[in-house]
Amino acid sequence: MRIARFTTGDDPRYAVVDGDDLEVLSGDPLYTPLNPTGQRVPLESARLLAPIIPRSKIVGIGRNYAAHAAELGNEVPERPIVFLKPNTSVIGPDDPIVLPSYSRDVHHEAELAVVISRLCKDVPPERAKDVILGYTAANDVTARDVQKEDATWTRGKSFDTSCPLGPFLVMDLDISDLRVQARVDGDLRQDGSTAQMIYSVPDLIAYVSSIFTLLPGDVILTGTPAGVGPIEEGQRVEVEVEGIGVLGNPVVRR
Ligand code: MG
């Protein structure tokens, strides 16, 4: 099942995607059972928004694909590399990625994102599925020059607009072998599979929840396959995760 968060000009609402239509829901699927209102909205007349705005945190995972670690000259980490992106970094489909003024080398990173359903801590891997609401696609936009220069990744990865999410939240998805791609102006740049992850989603949830209490709506970014590269002002970058859809964003500099 695919869930959209959308607007037609008023407050954001949620809907189940049914073909070319949105079947509008009465509440937020994070906190209330899926309850259709009976109203239908054509998908083409709705503006899709980020399917989730975390109230608490986005947890990023670095170097979770061996070929990506190698392309930047890094070793595969002994344990997951964890960083945070604030909820102010989130944008939705078609919202502009604003290149930060302090970077000249901003990269796309196509990723599968996991959305957490409930408050949890110290989740064992075998229970991870119990705390997953669903999945969406993410672009972990990264100022690569600054990431390398600074002692922490915060300026490199946590700036405004650095976390496009969407287009949909998908429940009941088998994520064992999903294609993860990035395209820039239509050119294929990244083409990997979730089967190539070093640490699996259950292992990541176990590790991350050993550090933080996870709250409903928290998002875990699961790392990016090889092929990262620059995005420039005026380009359009698309992340596609098989079974979820295409997340496209224009790139601007202000
Ligand atoms: Mg990343």
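This is a predicted model, so every value here is computed, not measured.

Caption draft 1: Representation of the coordination of the magnesium ion. Those protein atoms acting as donors to the magnesium ion are Glu109 (OE), Glu111 (OE) and Asp140 (OD), and they sit at 2.0 to 2.1 Å. In the primary sequence, the donor residues of the magnesium ion line up as E-x1-E-x28-D. Pair noted here: glutamate 111 is in strand E11 (residues 110–116) and aspartate 140 is in the loop between strand E12 (132–139) and strand E13 (142–143), with a separation of 29 residues, a long-range link. Here glutamate 111 falls in the buried class, since its relative accessible area comes to 0%.

Caption draft 2: Region of the structure containing the state of the cysteines. Applying the stated rule across the entire model yields 0 disulfides. As a non-bridged cysteine, cysteine 120 has cysteine 163 as the owner of its nearest cysteine sulfur, 18 Å distant.

Caption draft 3: Up close: the side chain of serine 158. Among the structural elements, serine 158 can be located in the loop between helix H3 (154–157) and strand E14 (163–170). A residue is classified by how much of its surface remains accessible, and serine 158, at 12% relative accessible area, is buried. A polar side-chain atom of serine 158 sits 2.9 Å from the main-chain carbonyl oxygen of leucine 84. Those residues within four positions of serine 158 in sequence are excluded, and the remaining contacts are Leu84, Lys85, Pro86, Ser89 and Trp153.

Caption draft 4: A look at helix H4 (residues 201–211). Turning to H4, its buried residues number three or more, namely Val201, Leu204, Ile205, Ala206, Val208 and Ser209. On its buried face, H4 sits against strand E6 (58–62), E11, E12 and strand E17 (219–221).

Caption draft 5: Region of the structure containing the pattern of salt bridges. Taken as a whole, this structure holds 17 salt bridges when the rule is applied. The closest approach of N and O atoms between arginine 179 and aspartate 191, which form a salt bridge, is 2.8 Å. With arginine 179 in strand E15 (residues 179–184) and aspartate 191 in strand E16 (residues 187–193), this pair connects stretches of sequence that are 12 residues apart. For arginine 183, the salt bridge identified is with glutamate 238, shortest N-O distance 3.2 Å. Remark: glutamate 238 occurs in strand E19 (residues 236–241) and arginine 183 occurs in strand E15; sequence separation between them is 55 residues. Taking the relative accessible area as the measure of exposure, glutamate 238 reaches 22% and is therefore partly exposed.

Caption draft 6: Structural detail: the sheet that holds E13. Spatially, the 3 strands line up as an open sheet ordered E13-E10-E18, and their pairing is antiparallel. For this open sheet the edge positions go to E13 and strand E18 (229–230), each flanked by a neighbour on one side alone. Pairing between strand E10 (residues 106–108) and E13: 2 bridges, direction antiparallel. Note that in E13 the partner of histidine 107 across the bridge is threonine 142.

Caption draft 7: Structural detail: the sheet that holds E15. One open sheet accounts for 5 strands, arranged E9-E20-E19-E15-E16; its pairing is mixed. Edge positions in the open sheet fall to strand E9 (97–99) and E16, since each of these has one partner strand only. Here the average twist between neighbouring strands, direction ignored, is 20°. Direction of pairing for E19 relative to strand E20 (residues 245–253): antiparallel, over a ladder of 6 bridges. Looking at E20, one finds that glutamate 240 is bridged to valine 246.

Caption draft 8: Focus on the packing of aromatic side chains. With the rule as written, the count across this model stands at 1 aromatic pair. For the ring pair phenylalanine 83 and tryptophan 153, a centre distance of 5.5 Å and an interplane angle of 55° mean the geometry is tilted. Of this pair, phenylalanine 83 sits in strand E7 (residues 81–85) while tryptophan 153 is found in the loop between helix H2 (144–149) and H3, placing the two residues 70 residues apart along the sequence. Accessibility assignment for this pair places phenylalanine 83 and tryptophan 153 in one class, buried. The ring of phenylalanine 168 has arginine 2 sitting right over it, with the charged end atom 4.8 Å from the ring centre.

Calculation criteria
- Residues numbered from 1 in each chain as written.
- Predicted model: local features only at pLDDT ≥ 70, side-chain atom pairs only at ≥ 80, totals over all residues.
- Heavy atoms only, no water.
- Donors = N, O, S within 2.8 Å, 3.2 Å for Na, K, Ca; no water.
- Helix = DSSP H or I, 4+ residues; strand = E, 2+ residues; numbered from the N terminus.
- Buried < 20%, exposed > 50% of the residue type's maximum accessible area, 1.4 Å probe, protein only.
- Disulfide = S-S within 2.5 Å.
- Polar contact = N/O pair within 3.5 Å; in protein donor to acceptor, adjacent residues only side chain to side chain.
- Contact = heavy atoms within 4.5 Å.
- Salt bridge = Lys/Arg side-chain N within 4 Å of Asp/Glu carboxyl O.
- Pairing = 2+ DSSP bridges.
- Axes fitted to C-alpha atoms, helices over the stretch in contact; angles between N-to-C directions.
- Phe/Tyr/Trp six-rings, centres within 6.5 Å; stacked < 30°, edge-to-face > 60°.
- Lys NZ or Arg CZ within 6 Å of the ring centre and 35° of its normal.

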